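Residue strings, one per chain:
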Amino acid sequence: MSKLLDYLNALDKDATAREAHAANPTAAMTAFGLTDEEQAALLSGDKQRVADLLGISTDELPSYIMPSSMN
């Protein structure tokens, strides 16, 4: 499993991870070990870009995707 998918799953299941991301997304993603490309994709709010990095369709993304940055 990729770090990016692990991170999205953590946001989906872990309130502490969501709080850390809400407080400082860049710091949270860096601490988790996401690459600059992965961070840029998440911060862009582009679900297709994130799905492309994961090699999945947008329908397969975890249910919790960035509260205010992804539509």
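Residues numbered from 1 in each chain as written. Predicted model: local features only at pLDDT ≥ 70, side-chain atom pairs only at ≥ 80, totals over all residues. Heavy atoms only, no water.

Moving on to helix α1 (residues 3-13). Those residues of α1 not exposed but buried are Leu 4, Tyr 7, Leu 8, Ala 10 and Leu 11. One side of α1 holds all its buried residues, which, seen down the axis, span an arc of 155 degrees. Buried residues along α1 sit in contact with α2 (15-23), α3 (25-32), α4 (36-44) and α5 (47-54). (Buried < 20%, exposed > 50% of the residue type's maximum accessible area, 1.4 Å probe, protein only. Helix = DSSP H or I, 4+ residues; strand = E, 2+ residues; numbered from the N terminus. Arc of directions from axis to C-beta. Contact = heavy atoms within 4.5 Å.)

Counted under the stated rule, the structure contains one aromatic pair. With a centroid separation of 5.1 Å and an interplanar angle of 65 degrees, the aromatic rings of Tyr 7 and Phe 32 are classed as edge-to-face. With Tyr 7 in helix α1 and Phe 32 in helix α3, this pair connects stretches of sequence that are 25 residues apart. Looking at Tyr 7, the relative accessible area reads 3%, which means it is buried. Here the guanidinium or amino end of Lys 3 rests over the ring plane of Phe 32, the centre of that ring lying 5.0 Å away. (Phe/Tyr/Trp six-rings, centres within 6.5 Å; stacked < 30°, edge-to-face > 60°. Lys NZ or Arg CZ within 6 Å of the ring centre and 35° of its normal.)

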